[in-house]
Each structure stands twice: as structure tokens, then as C-alpha cells.
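One letter stands for each residue in the lines below.
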4 protein chains.
Amino acid sequence: MKKIVLVYSGGLDTSVCIPLVREEYGFDHVITVTVDVGQPEEDIRQAEERARRLGAEHYTIDAKQLFVEYFCWPAVRANGDYEGYPLSTSIARPLIALKAVEKARELGATAFGHGCTGKGNDQFRIEYILRTLMPEAEIIAPMREGRRLPDGRREPWTRSEEIDYANAHGLDIPQTKERIWSVDENLWGRSIEGGRLEEPDYAPPEEIFKWTRGPGNCLPTPQTITIEFEQGVPVALDGQRLDPVSLVTTLNRIAGQHGVGRIDIMEDRMLGLKVRENYECPAAVTLLTAHRALEALVCTQGELKFKAMVDREWGELAYKGLWFDPLKEDLEAFIARVQERVNGVVHLRLFQGTASVIGRNSPNALYSADLASFDSKTFDQSESLGIVKTHGLQSRMYFHLRQSGR
Amino acid sequence: MKKIVLVYSGGLDTSVCIPLVREEYGFDHVITVTVDVGQPEEDIRQAEERARRLGAEHYTIDAKQLFVEYFCWPAVRANGDYEGYPLSTSIARPLIALKAVEKARELGATAFGHGCTGKGNDQFRIEYILRTLMPEAEIIAPMREGRRLPDGRREPWTRSEEIDYANAHGLDIPQTKERIWSVDENLWGRSIEGGRLEEPDYAPPEEIFKWTRGPGNCLPTPQTITIEFEQGVPVALDGQRLDPVSLVTTLNRIAGQHGVGRIDIMEDRMLGLKVRENYECPAAVTLLTAHRALEALVCTQGELKFKAMVDREWGELAYKGLWFDPLKEDLEAFIARVQERVNGVVHLRLFQGTASVIGRNSPNALYSADLASFDSKTFDQSESLGIVKTHGLQSRMYFHLRQSGR
Amino acid sequence: MKKIVLVYSGGLDTSVCIPLVREEYGFDHVITVTVDVGQPEEDIRQAEERARRLGAEHYTIDAKQLFVEYFCWPAVRANGDYEGYPLSTSIARPLIALKAVEKARELGATAFGHGCTGKGNDQFRIEYILRTLMPEAEIIAPMREGRRLPDGRREPWTRSEEIDYANAHGLDIPQTKERIWSVDENLWGRSIEGGRLEEPDYAPPEEIFKWTRGPGNCLPTPQTITIEFEQGVPVALDGQRLDPVSLVTTLNRIAGQHGVGRIDIMEDRMLGLKVRENYECPAAVTLLTAHRALEALVCTQGELKFKAMVDREWGELAYKGLWFDPLKEDLEAFIARVQERVNGVVHLRLFQGTASVIGRNSPNALYSADLASFDSKTFDQSESLGIVKTHGLQSRMYFHLRQSGR
Amino acid sequence: MKKIVLVYSGGLDTSVCIPLVREEYGFDHVITVTVDVGQPEEDIRQAEERARRLGAEHYTIDAKQLFVEYFCWPAVRANGDYEGYPLSTSIARPLIALKAVEKARELGATAFGHGCTGKGNDQFRIEYILRTLMPEAEIIAPMREGRRLPDGRREPWTRSEEIDYANAHGLDIPQTKERIWSVDENLWGRSIEGGRLEEPDYAPPEEIFKWTRGPGNCLPTPQTITIEFEQGVPVALDGQRLDPVSLVTTLNRIAGQHGVGRIDIMEDRMLGLKVRENYECPAAVTLLTAHRALEALVCTQGELKFKAMVDREWGELAYKGLWFDPLKEDLEAFIARVQERVNGVVHLRLFQGTASVIGRNSPNALYSADLASFDSKTFDQSESLGIVKTHGLQSRMYFHLRQSGR
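Residues numbered from 1 in each chain as written. Chains lettered and ligands numbered in written order. Predicted model: local features only at pLDDT ≥ 70, side-chain atom pairs only at ≥ 80, totals over all residues. Heavy atoms only, no water.

Here the focus is the overall build of chain A. Broken down by element type, chain A carries 14 helices and 18 strands. Each principal axis of the C-alpha atoms in chain A carries an extent, and together these give about 85 × 60 × 45 Å. Across the 406 residues of chain A, 63% fall into the buried class. Across chain A, every contact between residues at least 6 apart in sequence was considered, and the portion connecting residues at least 24 apart equals 72%. Accessible surface for chain A amounts to roughly 14500 Å². Of this, 48% is attributable to carbon and sulfur atoms. Seen as two clouds, the 49 positive and the 60 negative side-chain charges of chain A have centres 3 Å apart. (Helix = DSSP H or I, 4+ residues; strand = E, 2+ residues; numbered from the N terminus. Buried < 20%, exposed > 50% of the residue type's maximum accessible area, 1.4 Å probe, protein only. Contact = heavy atoms within 4.5 Å. Areas by Shrake-Rupley, 256 points an atom, 1.4 Å probe, with all protein chains shown as cover. Lys, Arg positive; Asp, Glu negative; His and termini not counted. Charge placed at Lys NZ, Arg CZ, Asp CG, Glu CD.)

Turning next to the pairing of strand β13 (residues 233-237) of chain A. All names here are of chain A. Burial within β13 is extensive, with five of its five residues counted as buried. With four bridges joining them, strand β12 (residues 223-230) and β13 adopt antiparallel strand pairing. Across the sheet, residue E228 finds its bridge partner in β13, namely A236. As consecutive antiparallel partners, β12 and β13 are separated by two residues, and within that stretch Q231 has a phi angle of approximately 50°, a positive value. Taken together, the two bridges between β13 and strand β14 (residues 240-241) define a ladder with antiparallel strand orientation. Within the sheet, the bridge partner assigned to L237 lies in β14 and is Q240. Taken together, β13 and the strand that follows it, β14, pair antiparallel across an intervening segment of two residues, in which D238 is found at a positive phi of about 50°. (Pairing = 2+ DSSP bridges.)

Applying the stated rule across the entire model yields 42 aromatic pairs over all chains. On the basis of an interplanar angle of 70° and a centroid distance of 6.2 Å, the ring pair of F306(A) and F306(D) is categorised as edge-to-face. Of the two residues, F306(A) sits in helix α10 (residues 301-319) while F306(D) sits in helix α10 (residues 301-319), which places them in two different chains. In terms of burial, F306(A) and F306(D) fall into one category: buried. Taking the centre distance of 6.5 Å and the plane angle of 80° together, the rings of Y85(C) and Y319(C) count as edge-to-face. With Y85(C) in strand β5 (residues 85-86) and Y319(C) in helix α10 (residues 301-319), this residue pair connects regions lying 234 residues apart in the sequence. Overall, the relative accessible area of 1% leaves Y85(C) in the buried class. Overall, the relative accessible area of 2% leaves Y319(C) in the buried class. By way of ring pairs, the aromatic residues F67(A), F71(A), W314(A) and W323(A) are connected into one cluster. Its end group placed over the ring of Y59(A), K103(A) keeps NZ or CZ at 4.0 Å from the ring centre. (Phe/Tyr/Trp six-rings, centres within 6.5 Å; stacked < 30°, edge-to-face > 60°. Lys NZ or Arg CZ within 6 Å of the ring centre and 35° of its normal.)

Right, let's talk about the sheet that holds β14(A) for a bit. Residue and element names in this part refer to chain A. Spatially, five strands are ordered β14-β13-β12-β17-β18 in an open sheet, and the strand pairing comes out antiparallel. Each edge of the open sheet is held by one strand with a lone partner, namely β14 and β18 (354-361). As judged from the seven bridges shared by strand β17 (residues 344-351) and β18, these two strands associate in the antiparallel manner. Across the sheet, H347 pairs through a bridge with G359, a residue of β18. Together, β12, β13 and β17 form the strand contacts of helix α8 (residues 244-257), whose direction differs from that of β13 by roughly 65°. (Axes fitted to C-alpha atoms, helices over the stretch in contact; angles between N-to-C directions.)

Next up on the list: the interface of chain B and chain C. With 28 residues of chain B at the contact, the number on the chain C side is 28 residues. At the boundary of chain B with chain C, total buried surface from both sides reaches about 2300 Å², with 68% on carbon and sulfur atoms. For the chain B face of the interface with chain C, the top three residues by lost area are F306(B), D330(B) and R337(B), together amounting to 24%. At the boundary of chain B with chain C, the tally comes to four salt bridges. Here R341(C) and D330(B) are joined by a salt bridge, their closest N and O atoms 3.7 Å apart. Listing elements by their share of the side of chain B that touches chain C, those giving two or more residues are α10 (301-319), α11 (326-339) and α14 (393-403) of chain B. With nine residues, α11(B) is the single largest residue contributor to the side of chain B that touches chain C. Residue composition of the side of chain B that touches chain C, grouped by class: 15 nonpolar, five polar and eight charged. (Buried area = accessible area lost by both parts, 1.4 Å probe. Salt bridge = Lys/Arg side-chain N within 4 Å of Asp/Glu carboxyl O. Nonpolar A, V, L, I, M, F, W, Y, C, P; charged D, E, K, R; others polar.)

Right, let's talk about the interface of chain C and chain D for a bit. Opposite the 80 residues of chain C that make contact, chain D presents 80 residues. Taken together, the two surfaces of chain C and chain D that pack against each other cover about 6900 Å², and 58% of this comes from carbon and sulfur. Inspection of the chain C/chain D interface yields eight salt bridges. Applying the counting rule to chain C against chain D returns 37 residue pairs in polar contact (both at pLDDT 80 or more). Classifying every residue of the side of chain C that touches chain D gives 36 nonpolar, 18 polar and 26 charged. (Polar contact = N/O pair within 3.5 Å; in protein donor to acceptor, adjacent residues only side chain to side chain.)

The next subject is the pattern of salt bridges. Tallied over the full model, the rule gives 163 salt bridges over all chains. One salt bridge connects E127(B) with R131(B), and the closest N-O pair in it is separated by 2.3 Å. Placement of both E127(B) and R131(B) in helix α5 (residues 122-133) is noted, with a separation of four residues, approximately one turn of the helix. On the basis of relative accessibility, which here comes to 11%, the residue R131(B) falls in the buried class. K305(D) serves as the salt-bridge partner of E313(C), at 3.2 Å between the closest nitrogen and oxygen. Placement of E313(C) in helix α10 and of K305(D) in helix α10 is noted, with the two residues assigned to different chains.

Here two copies of a chain appear, and what relates them is a rotation about an axis with a shift along it. Between chain C and chain D, which share one sequence, the superposing operator has a rotation angle of 180° and an axial displacement of 0.0 Å; the RMSD is 0.0 Å. What the superposition gives is, in effect, a two-fold axis relating one chain to the other. Residue Q352(C) of chain C places its C-alpha closer to the rotation axis than any other residue of that unit, at 3.0 Å. (Least-squares fit on C-alpha atoms with pLDDT ≥ 70 in both.)

Quick look at the relation of the copies chain B and chain C now. For the pair chain B and chain C, the superposition axis carries a translation of 0.0 Å, the fit reaches an RMSD of 0.1 Å, and the rotation angle comes to 180°. Here 100% of the interface residues in chain B have copies in chain C that are interface residues too; the copies meet face to matching face.

Of note, K103(B) is situated in helix α4 (residues 89-107). The exposure class of K103(B) is buried, given its relative accessible area of 10%.

What follows deals with the domain arrangement of chain A. According to the domain assignment, chain A consists of domain 1 (3-168), domain 2 (182-361) and domain 3 (369-403). On a C-alpha basis, the centres of domain 1 of chain A and domain 3 of chain A stand 59 Å from each other. (Domains from an automatic or database assignment.)

Moving on, we come to the nonpolar core. Inside soluble globular proteins, nonpolar side chains tend to come together where they are buried. Ranked by internal contacts, the top residues of the largest apolar core, which has 200 residues, are F67(B), I91(B), W188(B), F67(C), W73(C), I91(C) and W188(C). Once residues lying within four places of it in the same chain are set aside, the contact partners of F67(B) are V37(B), C72(B), S88(B), I91(B), A92(B), L95(B), N186(B), L187(B) and W188(B). Membership of the second largest hydrophobic core comes to 190 residues, among which are V248(A), Y319(A), W323(A) and C299(D). (Core = buried A, V, L, I, M, F, W, Y, C linked by side-chain atoms within 4.5 Å.)

What follows concerns the side chain of E185(C). Residues and elements named next belong to chain C. Along the chain, E185 turns up in strand β10 (residues 182-186). Polar side-chain contacts of E185 include one of 3.4 Å to the side chain of K210. Side chain to side chain, E185 and W211 meet in a polar contact 3.3 Å long. In this structure E185 touches G38, Q39, P40, R190, K210 and W211, once residues within four positions along its chain are discounted.

Next comes the structure, spelled out in C-alpha cells:
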């Protein structure tokens, strides 16, 4: 019995893989694993239904809490961003792969399949985790390898061919024209890409958005909310402590009603392609905005400058899916030290697409009435004369030399 | 005849300096220089009026075009920002000081006076320029030195004492209570600070804003604008080429009506104090947003990452007023090379406080139909297998060692 | 007539490629191009001889001066280093590929062959240039593809198989056991790698070195030399202006006699493998040491700190062979600005493996008697009180808070 | 009884301070504290003797072990360097100040005196610690304030005046001409500065060195040593575990005999002055060389690149004496994480001024026979084709656009 664990979303690509790994790769026992990181209920039900129809042994694994606690919260602490996008799809992939490995270990499988193509980022993220945790496992990527032609060559699958193939194996998918765009959704964000959306200069149509209201459609009055952080982690909303999943879910709803969280960027994919991407991530944008504002209150200027580099590097590693990279762990040690002081509350006004910080307060603020007076005791304005006189000393030497023709 | 050039705003502090440099510092010829970088007309008229009354030889110098071309445009190219604030006050100071030096040279003065206190940033910026361009000049800062007491000691001036002193010398300023906040304004931005506004947790009252409409008060419908850049410099708005000053002025008006450009941050001042600051800078925020979007289209991933560090360093030097620093020139050489390709248009939607990029287009885009096809010719999906297999190689070695207990 | 230009060193691998591209890839006209960047005369003669025997149309192109002026000198200005190794092999590859392209254009060839395997760095460097300059060209890498077995599969060539194959096509190479190590040599450095030398803990035997004398064998007395730089480029040795090639050649000889320039590092190759590498590069080490010392004299502290990052990035791009990368050009614009001031002389003592700077002098020094006195005029020691008092202000606030239990 | 703790070296400057703080600053109880961080025995005895003669209550505090364990070892882990100088004087100052504070607390003193002038770095380092740990304490710096003239003004003390003043208070110091240079010495290094030594182009005379033999005078045969590290800390020499102080002392002797550890740089002082500095630090140079080599073996490429920035920042903070800065603590958290794997041995050859790494070995090496085979299993050379084809993709797009005139 050759067993394979298929990382399974229930979409067309991964569904096609079920019969494919049987027919072309010789696996007679296909285990499908769908990891629930907050995608729509209907996607999960569709996965269960299709897996059943295609004769796979199916598992749905609820990883929502793990996802928020161990993936989203670290992202908050690192102001997790890649080129302007709050890392969402990218930080869910490692968890999905990790759960697939757990299931494979439990069921004694030593092969994995996934539905990623060869152009995108997800193949890197998923296979990195698989190879790290089970270096000996076989990995099959039928969509990347392409459809086998009679002469042995392979070429990319077309959507129409995939539908025919799936239907021939028991699904009942209507032949529609090419799907216009593809969506990936988890608790931390929703990405919409593909088709004309990839063009830099195509204004995205309103219909691609599901979580955020558009201009002219937001709630008509501003809403002020308060987020409390402990050690850089959001713990309460408007004074009420919430478990991680509820906090994110609630905030997605509230901020989304005010249109907060739309992101429209040019993104550099891992293979070097530049693609236009649209995201909506109301909770993520709101929490990252608040977190940054709190850091600006409790960190020294030197820390803020250096942590910007640390965060950027963290974001790049997370984008690449290198979840167990030693540098990532080193950066997180730095971040953890800083976050010890990132305690307090931030007040934001949500309105018409913007989450604006209007106040922040922390027991660890490097600002306070105490300190201000401490400062006036130790600082006599006339003493700044020496500071001013030495300001830019080398810079002035340089200018002086240049003026004298050197 | 001991001549002094006084960097003059027409405000209370600098007005007090006119009689002070005569009585306490022995200058019998006071030349006041007010540099117009876009502050309100009435401020300029007030400066002229007060200088006349106090018997100074007054000059108003229109530097608006110089300011935009040689200070704001370089700031755009460097995405000029300091801790979230589009550098405005800080980049006007060097120009003001520079014009004071020109006037001093013209009139044969070798001493300068200014009204800065010893706590702020402006003393650094202004004196750096004066010391750089006229290292031999004497510099007088009466507000920083404080009021001389009968016993020879000095203490900070109170507002009330300043008013009495000014009135005793011919002005007619009513005794009002302490001014609640202080404003600095130029074409590139407006800062409002002081009083309760310095507290991190005090929501700024609507009345401090003058250039931007507040929530609930913005224009009711979104407005789409197009900005064209040549070599990183904005040259046209909605297809119409505008001279630099008009472009900024127009955009301040348009974006301000949509509430774009309010900034509320904790800022680390040069002496190490953390202070809450409020800014409004509609044109700056809009242009910087557009410029960043265009760079994301034409720069490689490596350039974007490295330029972020270059820009941050530039911003820090500009904040400190080190306008002639050799490192600033080096960074600008880097920036100039990048900007050669920052050509094209950006479309933004202004609405309810936000300037959202909705499209971008450039002849230098690292994205195009041509290139996409060029790419498909050279890339066969199955070839990504090797890339995926080597992804995170060292990272996986590390994990493997760690698992084996090392 | 299918023409191919073969990047040809005359070694076994590239020699095997001559008949291979004929027999397996269908090229009937093989053009071999050997680019002289300072490798041993006998290598060049061997290449000519073997190409003739194997029936190729051969060209030897003298690129030594181009190499020093346009590849080594920029490396000096960028303190060109990768993980402790003065970039040498890596900066010669682009030039070699470039010359191959020129020859292909001249002769109307549109295909290239090279002898790189699939494990190393050179395939990246050479193909990057080929693909950049002639994106439409076909590229053949027979060693990377491996030997075709009767069943169509391929496997890596063994040295013995290569010798048999070469001899069968007219060469007369004796069957010896596996070559112990492989050498790459150009004017800027000599690398010795392979076999046990790749082990981190194997002390390299004295016999691998050819340019540098070992401990106990160096010239018995110290030698002081003076190097003069103009705009960061070495122009004279001991007061005598030398053309670029002579300067490097002379310095390789002199510094080599004193044992200067041996480098022994762990190096991270492009595919992620860590390998131990041995280099000898007397001129490069001496010139880079001198150049750094001169920069330390003429650059501000801020420039030195930032240029270290610029140089590191430059080194990484050069190591990867990305010679036409836009970021490399941007960094070079920064570097060029700095180098305008890198003029002057550096005195070094060469002795027993070390090039020690013992003096430096520059018209652009940010140190001089003039400036020292300028400084004493403007600086009164007691004025440093204010500077000292504000030193570490935020840092002390932090400590204060921590002490009070927050 | 007004008590003051004087940070006391026993040199002329600090000795003059003893009577001065009595006569001019009104302290009637002077406590002198000399902290032994490895300076010469005779300096310590001289301090005791002079303090006695001048009537101070004297304490010598042996802090050698603390110094190595809590100051030098962290410096090793951070590759502690500032502009090419292994931080030595700078990392001893905080400990000296810290011990002074402990003594003051013990004896109930709330004032401190020190002998630093206003031009150097030490005033910053010492006062930062004093102000951090006892913000309320009074700090007196008589040398910085200068000698009081009859008219109340102050001017810098001359050496001759200091000698006269000291002798008038009971010392017996002969009037010699200006000391040629000044020396600071602790276990980690010895600095020699001042006089002509500050000139960039003055070859330092052999006589300034005390710990290291010069060219022509070193031991005649190479010596190979082995240093073992645990978590980045040196624990054994040639297989023998040594306590921290013995390890450093022994290595200073051994490496010094081979002339290892001379440093000659241009250094940017904290006030912006560039000064030529000479150091000798045999143990520090040897250990830092070994430590770097071990890191190169166990860290990923990404870690090495990023840690270089972390280390540089650490070095800058340490140079400034900001020992309790939160950023320093954050950086140390990063460093600590990396150092967990910095275990193993490094073999070095000491000879004629150079410590050359000739081998390194670690259980945490990202190189091993195991891993090499792991690699060959997962890597088929022909798979690198895809990697090579995507190498520099954006860079080639850029070039393509540029060629087409954009």
C-alpha cells in the first residue's frame, strides 16, 4: 500500500491531483488533509465533499487558534510586512505543511503531494517545511510537472482539461470559461490575484473585495476603538479581553465595515517576477498600525531604526516560508527582548478606509510627566550650546576642504 | 557699526530679539531677514510691520520656487521621511539660513541672530548652515541664553515677560495667556505642536488643522488624480504640466479637501526627547505615496530593499539639517541613479483622508507584456524543481543538526 | 552551418566539450575563445594547442588591461570582498563571457557552450552575461547535463571517462588519478580548491601556493612601500606611476615575496553549500588594505559606516556575477561620489605575511593642522558638559523605568 | 561631612583632583577608588601611595575577573570592534564607573569626581554610568572645567601647573617636559596615544609597544595554538581549560611574543574628531579572529550578513559606553541565540605579527560528511538549470529595457 498525504484545498487543482497521484504516480492510498486557517466554511465543506467523491481518506484539521497564536502574533511583533503587504498567505503555508507532516507521521505515510504550479511562491513554502521535517519523504507536484502527452512530453494543464479530467473521475464541475481571478483566504488576510488584476495599471473592480466595504459604502460615522497589547501581543479590544481567534475575527468585521485594510501593491515574487497584488486584511492592518504606534512610544530612537531592519529581514524570511531558519530565530530573540516593553493601549479611529492612531499610552513609555521633569532638572538650555557647536563637525570640515578647492 | 542679520519670522521670540541684540549684545544695525517658503501671507506682512516698528532694516526674500525645486523635490526622490513624518520644517531651515548668509555677505554683516531656544531642533539646523558657510561669523541666540537677571544669572524668558519687553520697545501685543500651541508652516507641510499636543494620549482637537478637512467634513465623492513623474520628480497633475510651486499648491488644496495628509506620531527629537507631533501635509503625502508606487514598478527587489536604507539615512540627515553632509551627497548620487528610471504616471484616488494608488504605468516598468512573454519563453515550470529543492538548504541543514541534538 | 562559441580554458572539461558539441548537439563549427585575464602563459598555449588538435577555430583575446581597469579597480573602490575573500575569479567571469559575446557577434554565432558543472558558481556568472547580452542565444553546458547513457539517461562524467573521450578525439592526455585540486588564476588572485582542501579542518599544504612565500621562507627584512591613489584608484607605487597591469603584476611579485595575501576561509557558495577555500592574492590584499586606510582618513564616520553596507552589497552582487545589475550601478554611483576624495598616499610595511599600514596622507583628510586649530577656536572644553549630560538620555530613561519595576 | 568618590587612576590628572575637590568644590571627605582591570601593578601601587599622601581614603578593587567574564567575553561574542579596533578602553570604563557607584552606595557618598577632560570619550562613558545608576548624584570634572583664574574665568590646566599644584599638596613629582604620549592599559588591550602619534602619517616608534614584539624581533618559529569555544566564549587553550583571566593573560603573552595584535587606525572620536590611534591587543585579536572563523563555519550566509550589522551596532554602542542601552540588550539577545551554536575549536598559527586560522571544527558546522551526502541525494546537477535560468531575472529585464532606449 503506497500512501500519500495530499495537501488539499478542495479547489480544482488539488482535486485533479487525487486521481492523478493514483494513476500516474502509483499511490493507491490517498489521504487528503485540509487545514482550517480561517478560509470560508463552504471551501472546507467542498473539500470534504470532493475528497469523498474522489475516494480519498479525508481529514479537516482546525488550526485557527494555532495560526493566530503562533503565526499571526509573531507577525505582529515583527510588524510582519513584505513590500507593503501584511504577510498572510505566506505565514499560513508553513502551518498547513506542518499539519500535513503530523498527519503523515500519524498514518505512516512518507510521500506528499501538493497542487502548486512552478511559477508561484507556495511550492517553496510548502516543500521547505516538508523537506525540513521529513527530509526523506517523496514529494509530488503534478501541476508543476504538467500533463503527460502521449509522446511522453509534458505541458501545462489548461483549466478545461482539468475540468474534463476531474469530471471523468466523478466530480461534476461545469465547464465555465477561465476563472477570472483566484482567491486565498485565511484569518489574517485575503488575497485576490490573477487575470487582469496582475496588470499594474488596471484599477481593481469593486467586486473582488469581500471583507472590506468600498468608498461610498463604509459605515457613515467614525468609530474609535482601543487595542491593548501585552509584550507586543494584542490581548483586548475596547477593554474586553478576547481569545486570539475572536479578537482577529471581530476586528476583521469591525474594521472591514469601515473599509480598512485594502492593499494594492506591486509585489516581487520569489522567482523574480513583479506582479500586481490586491489584498484585504482589516484586522492585520489595524493591529500592525497600533503595534507600530506603541513601539514608537516605548522604544529608543536607536531601537526603532534598527528594529526596522530586523523587521524587514523577518518579513523577507517569512515571505519565503523559511519558518525554521536560524536567522529567523535570531531575529525573534531580538524582537522578544524589545516586546517585553511593548505594553499598553492604542486608540484608533476607524473611518472610510483608514485606521488612524489618535492616542497611545504605556507604563513603559519613554515619555512621562516624571521623565519630563527629570529632564528639566538635568537640562539647562544654555548647555545645548556645546552640542550645537559640535553638530556636523566632520561635515563642516569636509565643506571647508571642498571650498578650498580640495 | 556692528551689523547683525537676524533670521526673522515676525513671531514674538524673534521680535524680542531685535531690541535685545541692540541692548545686550551691542549691535547697532539690525537686519531682519524673512524667507518666504510658503508661510501665510499675514505672517510675512506681520514680520515686515514689526521689523519696521522696531527699527530694523528688513528684507523679505521669496524662496518658494527654490524651496520646492531644491529641497522638496530631492525629498520626494528620497521618499523623505523621518519616523513617519514627511520632512517639512526640517528641510526649510537650511534654505532660510542660506538666504540669511547671502544677505549677510551682500550687506557685509558677520554676525547672526536667531530666536531658537535650547530645547528644539532648529538651533542645530540653522547654526549648522551658518557655521558651514561662514565659519568665522558670530552667532547669537538670545532665547537660548535666557533673560539676564540683575545678579548676572540667566533664566528662560516667560511669554509674559517677552510681551512686556516687546511692548516697551514699540510693539503693541496684548497680554494673553500662554499660546496654546505653536505652528510652523511652509509649502511642504504644516506642523502644530506644544501644550497638551505633546502628550502621547491626547486626541488632537479638530481646530488645530487648517489645510485638511476632518472626518465627516471631506468632499463627499472620491476624486481620481494622475501624477506624472520624470526622473522621480513630479511634473504634471492630471496631464497638465505645472511649475513646481503651482503643483504643490494645487495638490495641497485638492488633497486637503479630501482630508489627505494628517500625520500623528511620536517623534524623537535631536536631544533625545520623545514628543508627540501633529502635521498636515496633503501634497507631500500624496506625492510620496505616488513616488513609492512608481519605484515599486521600476526598481528591482534588491534596489527597493537597499534604497529603503538609503532613504532612511537621507531622512535622518535631512532631519538633523545636515544639508551639506558628504554622506548626504553620496546617498543622493545613489538616488539620482535610481531616479533615472522613475518615469511614468500614477493614478490615485483621494477620498476621506486617504490617497490610494489604483494604477501605475512606466516605460521603465520591470513588468510588461513583452517581458512576460520573454519570460515564458525562458521559463519552463518544471525547471523550478531545482530551485525549490535548494530553497533554504542551509536552513534545513541547521534544523537537521538541531534535531540530532547538536 | 551551426556555429557555437565555446568559452574555452584549455582544461579537460572544456576540451571534452569541443567534440561533444559536435557529436551530441549538432554544431559543425566550433569556435573556441580563451580570454587572457592573467592566467599562466602555459595554460594559454595549451588551450591553443588543444583547440587546434580538436579542430576548433581558436581565438586568444588579451583582456588583461580591461580586466584591471574595469573590473579590479572598481573592486578596489568598493573594497571588493565576499566573506573575507577579495573577489577575483568572480569578477573575471563576466569579462570572459563578455568577450565571448563580442566574438560571437563578430562571427555570427548564436550559440554558446561552456564547461561549468551544475554545482558551482561559474555557471551563474557566465550564463547571466550571455543571457543579458544575447537573450536569444542558445546555451549548452555539456558537463552539467552529464554523459548520455545508452538508455538515454545521463550521469556525471568521471575524470577517467573524460580522458578516454578526449583521447579518442585526438588529444593525448595520460590517465592519471583524480586531480587533487583545481586552480583558477587571474591577475587579481589565485584560487585553489577541491579534494581535502574543502574540509574546514585540513591545514592546507604549502605546495598549493605559487604566488606567496610561506612562513619561514619570506624575504628576511621588512619592505616599506608607498601606494598613491587618485579617486580611489591606485596609480603609483613608490612614487612611480605605473600602468594598471604593471602595477598589479609588480605588486603581486613584491608582496608575494613577503608572503602577503593568503586567505583561508569558509565560503558560502551560491547554491548554499559551505566550502573551505584557499586564495592567494598579494596585490589585491595590499591594495585593499591601503584603500581602506585612505578612506578612513578622508570619509566621515557616517560615510564609513554606510559605505561598509554599500561595499558588502556590491561584493555580494559581484560574487553572484550580476555585473549589469541596476543595484550594482546605483551602488557604484554612491561609491564614485565618495571616491572623488580618496586621493593621497598610504605607506605600508610588507613583512612576513602582513601588509601593515604605517602612515597615510591626503589633501582631503578630515584631519589637518588647519582643522585642528579651527576646532580649538570653536570648542571650549567646558561646553562639552551639555553634550555629556544628554548622552544616552533615552537609554537612561529606559533604565529608570526598568528600575521602578516597569 | 561632604563625601565624594573620585574615580582614581593615580595619574597626574586624577591626583590633582584630590586637593582640588577639597579646595574648590568643598568636599572634606575624598574617597579614591582604583579599579584593577589589569593595568600594571606599579600603577596600582602608585595610586595607593599618592592617595595616601594626599590624604584620601583609598580603595583598590580587583575587578579583573568581572572584566573578562562580563565585558570581554560579550565583546568576543559580538566580534566587538570599532573601526578596526578591538574595543578595550571603552569596555573597561563602564565597569570602573560601576564599581565607583557600588563604593559610593556602601559609604554613603552622593558625589563623584573624575579626571577626564572635555575633549575625549571617557567623560561620556563614565558619566553615562554614573547618571544611569545614580541619577541624583553630583558629578565634578575639574580637568574639564579648567583652572580658575583670579578673575573667575577658567582655562585649561597645563602639565607644569598641575605638577606645581600637586607638589604643593604633598606629592613629589619632578618637572619634566610634556609627557610624549599617554597610555591606557587593561587586560583586553593597551592604547598609546597623544603627541605626534595623533598624526595620520607618523610611523609609530617601536618604543611605544610593550606587549608585542616588533618586526625582526618576534619568536623565530611559528606556533600553532588551538582555542576552544563554548557558546561563543573561549574556554580552553591548547586543550587545557583555563579560567577567564588566565586565558587572556596567557594569550597576551604568547601572541605578543609573535607580534600579534598591533593595530594602527584612524579613529573617529565621539565629538567628531578623527585621531590616529595605536593599540596592542594580542589576546583580543587572536580570540576575535578565531571566533569569526568559527561563526563562519556554523552560521548560515544570512546570519553572517545580518550579524555583521548587529555586531557593528553593538560595537558602536560599546564604544560610546552605553552599556545599559536597551538596544544593546536587544542586540545581545540576537547574539546569544546565535552563540548557542558557536561551539568547537579553531587552530591558529601565530607567526611574525599574524594569527592565521588554519583549521576549524564544530559539532554545529553547516558542513559535514553527513550533510554533504545528504546534499548529493537531494541534488542532481541538471536541476540547477532552472536556477541558472532565473538568476538575475529582473536585472536582465532592466538591461533589456535600457538597450531598447528606455
